[in-house]
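# Structural characterization, general
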Amino acid sequence: MGCLTQTERISAFESAKYSTSEKGTGVLRLWRNRGGLPYKSMERMANALRISPDFFVHHLVEDDHIREAAKKAAKLTDGIVRINDIDDLSKKILGSNKSDQPRDFHKDPSDQREETEVKSVIVSCALKDRPWAEWISWTLRAGGYNSEVQVLPLENETTVEDGAEDGLNADLLIGLVSGHAFEKHCHLAWEKFQSRSFRSGQSRLLLIEISSLEGSSLPPPLRRAASVDLRELDPQTAVGVILLGVRQTLGHRSAPPQPSGLNGIPPDFPGTDQKLHNLKLSRNRNFVGRSWELESLRKRLESGSPTALTQAAHGLGGVGKTQLANEYAYRWRDSYQVVWWVRSEDEATMTTDLTALAKALNLPFSTSQQAVESLKQWLLGRDRWLLVFDNVESPGSIRNYLVSGGQGHTIITSRYSAWRGVADSLNVTTFDRQDSIAYLLKRSGRESNEGADALAAALGDLPLALAQAAAYMEESGLDFVAYLELFQSHQGHLLKASPPVNEGSYSHTVATTWDISFKRLAETSPAAPELISLLAYFAPDAIPKEIISVAPESLSGSLRNASEEGFPLQEAWRAMHRLSLVEAGPNTVTIHRLVQEVIFQGHSHEQQLQYANTALELAVAAIAYEENNKDTWNKSLPFLPHAIAAANQSLRAECQADKAINLLDNVASIHWKLGQNTEAEDVYRQAMIQGEKHLPDGSSILGTVYNNLGTLLRGEDRSEEALPILEKALDVGLKVLGPDNPTVAIRHGNLGLALRRLGRLEEAEKNFRRALEIDKSHYGENDDAVARDLSNLSRSLSEQGEEKFGEACDCLRRALEIGEACYPEHHYRLAIRHNNLAMLLRKGGLLDEAEHHMRCAIEIDEKYFDPEHQDVASDLMNLALILIDKDDLAGAEQQLSRALQIFHAKLGASHKSTEECREKLVEVRVMRGNERG
């Protein structure tokens, strides 16, 4: 069977509902008697209009009305009913009775009086069906009836009686049939009403089905009631069916009173077909993660709080704000009647998209401004709508387009961060690492995640960068490892590669997505472009704002002026944060690593030199390293990662390589002093690699780096690794400084220590004696450098046999004596000498003296460092060895237990020192167990 358009169907209803003819049955009878249309055809026509055949025929009108209504319905019979047959039949039936106005047959005065009275209708429903009831009640009032809504929370017999009694006070009771209504037992009130209305002969019942009964069925008493079905109907058709059903049930034979001309905004049609959306982006099939953000948006918007009905998702360009809003719109669009995407880059596009919505809603307007105002008024009276304003420049640009006081939902996406007073803010950040990996796997189609973690880290977990990388891999066939290698050597080129396809909102590459933000930054604050350019040469996370001011003489241009005046610099920080180019806290800012890279790539070589030099000078001023001043280590700590970055950027720009390598060496030394050996080794190795690349052979700075790295490795009992590095350090020193320089003495000593650890004792002794000779000549007999040489020499002597034991002890006692005269009471070098002397005395069996010196070492290290420092743990372990020799197993177990806790916390469970301590503790506990046994 065919179908009418909405316009054709409603036209047929309008023709039928004002019918006054009682010749309908005669029409049907005449059609049959004269060989006209069969009843089956009439039934098809009526069914197409969702009413009974008899009712359809009864309401056919004379003259033009009968022909037009029948013709409309005939279109649904697929040609079985011919239009010409209807025209011929109407002439035969009506004959001379044809007139310009519909005529009323067989009416008496009482009928006429009854039909001019305004009828009252009660629409009865369950609470959840109230939107339907409100809409139907409005439709009836607009059609000339008095109508009210009755909500039936029926819980007992009394409420059933009340519901039925209220219905008897009206001319018609409409019951809205749905699964909700039957769950709440509304049908009990309708049954009671129907039995009473039949007895009184006054009131009538009409059932309107609005949703499926979900397995239930109407009880027998209600099956006799008139009914209509609104399911899956569009609004216009539903209006016609309702009015026709009401007229049938009331027995009207003339038109109802004139429509009331109600003012205001009608309720929304609750049916499913009245949904408007213009989602401009297809749903991203590669969307992953963002569960917290989506749920947060939903909970805030659904909270009902007026301040939460407008949500501003803000963040860095490329972080996925538009994708988040798009996913939200798709995920929850069935909850809304209107979902409208508004391009908000400027007022022109906003006005265009909002005018399109006003037009789709058939709102009256003659200008675009009237369209926006009319739309805002329409939205103000409704609550099931969602507007997404995408890529809004600032609160000022959208304020006049927001619906103030409305109950619908608004989502704003913007790089602008300050939305307080206009919208509830949601800061959209980069992916967490697991979501980054999941996205790379899904988008690239790869099954193996090897290299995905490292690639995500290199891209800073930025969704746009991940999408761009995955698209490139898809096109090139590269895996994660291969792409990462390519990215590390060709960042600038890959960041400018084509934007990812099939990703909806991504129309820019990483290299271009922040162009507009940089432009607006320059318009906002003169100093801000220079400031953000300088930040590109530091580490991305937690950059101390203080670093800009540590050496103002290093700054230039508007940034120097801003730093000197103070307030303009604060305005520059604020401008960058407002545009989401940085995340700003009270004392630090964070900038995405790819924003930094894009800025660096956008600089000319001259600009790179300028900013690299400035960043390096600031970092050098911030790292106030003094070898024997612990306060300078802690003060420098927040600046360490930025000093490393500034040094590397300087080397990248081939600017002041010697100063950059020296800065790296100082940073590594601070890490080492603070017991952060892993970090220290990493930075020392960076300095060594970059120094060998950028500094000339024989550079004194590179010799210092060799010496420090080798000494660190030797101190971790990695003397085999340390030896060739320490030999390089000595070679550089001999070439650059000469054989009698005290720095060369230090390197002889460090090389000797590595040789001693490797068992090459005679070579070690030779280096120690040479160092002692140089230092005595340069400093005299009582300098601490001499004490250091004596300490080193004693070790090699003590390990060469008993014949040299006495000389070894004399060396250490003399070294301690010199140190106590040179250093403060609790200096760490004194702890070292106490420790060394204690262990030598233990070796010779002088245990009481050994214990005394070891406890002195522990006391000094606890006060100089802190009680949880790894050097304290080493002291404790040595003390435990002495106590074991003295048969004090309980004391040894106590010291070992504490040492193990420190080693585990500082070095990890698998470190060699941790394992050795654990094994010794187990050994002591076994010994104590045997002792108790």
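Residues numbered from 1 in each chain as written. Predicted model: local features only at pLDDT ≥ 70, side-chain atom pairs only at ≥ 80, totals over all residues. Heavy atoms only, no water.

### Some remarks on the UniProt feature "repeat: TPR" (unreviewed entry) in the protein
Cross-referencing UniProt, the feature "repeat: TPR" (unreviewed entry) maps to residues 745-778 in the present numbering. Annotation note: span residues 745-778, helix share 91%, strand share 0%, distance between end C-alpha atoms 10 Å. (UniProt positions renumbered as here; feature names shortened; annotations may be inferred. Helix = DSSP H or I, 4+ residues; strand = E, 2+ residues; numbered from the N terminus.)

### Structural notes on the sheet that holds strand β13 (residues 583-584)
Strands pair in a sheet through their backbones, by hydrogen bonds, and they do so in one of two ways: parallel or antiparallel. An order of β12-β14-β13 is seen for the three strands of this open sheet, with the pairing classed as antiparallel. Edge positions in the open sheet fall to β12 (543-544) and β13, since each of these has one partner strand only. For β13 and strand β14 (residues 588-590), the ladder comprises two bridges, and the chain directions are antiparallel. Across the sheet, residue E583 finds its bridge partner in β14, namely T590. (Pairing = 2+ DSSP bridges.)

### Observations regarding the packing of aromatic side chains
What the rule picks out here adds up to eleven aromatic pairs. For the pair Y328 and W332, a centre-to-centre distance of 4.8 Å together with 40° between the ring planes defines the contact as tilted. The burial state of Y328 is the same as that of W332; both residues are buried. Arranged with centres 6.3 Å apart and planes meeting at 45°, the rings of F431 and Y439 form a pair that is tilted. Y439 carries the same exposure label as F431, and that label is buried. (Phe/Tyr/Trp six-rings, centres within 6.5 Å; stacked < 30°, edge-to-face > 60°. Buried < 20%, exposed > 50% of the residue type's maximum accessible area, 1.4 Å probe, protein only.)

### Considering the nonpolar core
Nonpolar side chains in soluble globular proteins tend to be buried together. By size, the foremost hydrophobic cluster in this structure holds 180 residues, and its most contacted members are F538 and I548. Excluding its chain neighbours within four sequence positions, the residues that come into contact with F538 are I543, I547, I548, Q596, A615, L618, H642, A645 and A646. If you look at the next biggest cluster of nonpolar residues, it comprises 28 residues, including V342, L357, L363 and V392. (Core = buried A, V, L, I, M, F, W, Y, C linked by side-chain atoms within 4.5 Å. Contact = heavy atoms within 4.5 Å.)

### Considering the pairing of strand β7 (residues 310-314)
Buried residues dominate β7, accounting for five of its five residues. Across the two faces of β7 the burial is the same, with T310, A312 and H314 and Q311 and A313 all buried. In terms of strand pairing, β7 meets strand β10 (residues 409-414) through five bridges, oriented parallel. Within β10, the position partnered with H314 by the bridge is S414.

### A closer look at the state of the cysteines
Under the counting rule described, the total for this entry stands at zero disulfides. Note on C125: no disulfide assigned, nearest cysteine sulfur contributed by C186 at a separation of 7.3 Å. Looking at C125, the relative accessible area reads 0%, which means it is buried. (Disulfide = S-S within 2.5 Å.)

### Some words on the side chain of Q323
One can find Q323 in helix α15 (residues 321-331). Polar contacts involving the side chain of Q323 include one to the side chain of N284, which spans 3.2 Å. (Polar contact = N/O pair within 3.5 Å; in protein donor to acceptor, adjacent residues only side chain to side chain.)

### Some points on the sheet that holds strand β5 (residues 226-229)
With parallel pairing, the five strands of this open sheet are ordered in space as β2-β1-β3-β4-β5. Strand pairing shows two members of the sheet lacking a second neighbour, β2 (146-151) and β5, which therefore form its edges. Direction aside, the axes of adjacent strands within the sheet are offset by 25° on average. As paired strands, strand β3 (residues 172-177) and strand β4 (residues 204-209) are joined by six bridges and run parallel to one another. Bridge pairing links G175 to L207 in β4. Against the sheet, helix α13 (residues 235-250) engages β3, β4 and β5, with an angle of about 155° to β4. (Axes fitted to C-alpha atoms, helices over the stretch in contact; angles between N-to-C directions.)

### Details of helix α19 (residues 433-444)
Since one α-helical turn is 3.6 residues long, residues separated by three or four positions face the same way. For α19, spanning twelve residues, the distance from its first C-alpha to its last is 16 Å, which sits close to the expected 16 Å at 1.5 Å a residue. Along α19, the residues classified as buried are S436, I437, Y439, L440, R443 and S444. Buried positions in α19, seen along its axis, are confined to an arc of 160° and lie on one side of it. Buried-residue contacts for α19 involve α20 (452-458), α21 (463-476) and α22 (480-489). Within two residues after α19, G445 carries a phi angle of roughly 80°, on the positive side. (Expected span 1.5 Å × (residues − 1). Arc of directions from axis to C-beta.)

### Description of the environment of G749
Residue placement: G749 occurs in helix α36 (residues 742-757). With a relative accessible area of 5%, G749 lands in the buried category. G749 sits 40 residues away from D789 along the chain, and the two C-alpha atoms are 6.8 Å apart. When sequence neighbours within four positions are dropped, the list of residues in contact with G749 reads F768, A771 and N792.

### What to know about the pattern of salt bridges
Enumeration according to the criterion identifies 49 salt bridges in this entry. For R283, the salt bridge goes to E327, with nearest N and O atoms at 2.8 Å. On the criterion of sequence distance, the pair formed by R283 in the loop between β6 (276-277) and α14 (291-302) and E327 in helix α15 is long-range, its members being 44 residues apart. Assessed through its relative accessible area of 42%, R283 is described here as partly exposed. For E763, the salt bridge goes to R760, with nearest N and O atoms at 2.9 Å. Relative accessible area serves as the criterion here: at 37%, E763 is assigned to the partly exposed category. Via salt bridges that share partners, E681, R685, E716, R718 and E721 belong to a single interconnected network. (Salt bridge = Lys/Arg side-chain N within 4 Å of Asp/Glu carboxyl O.)

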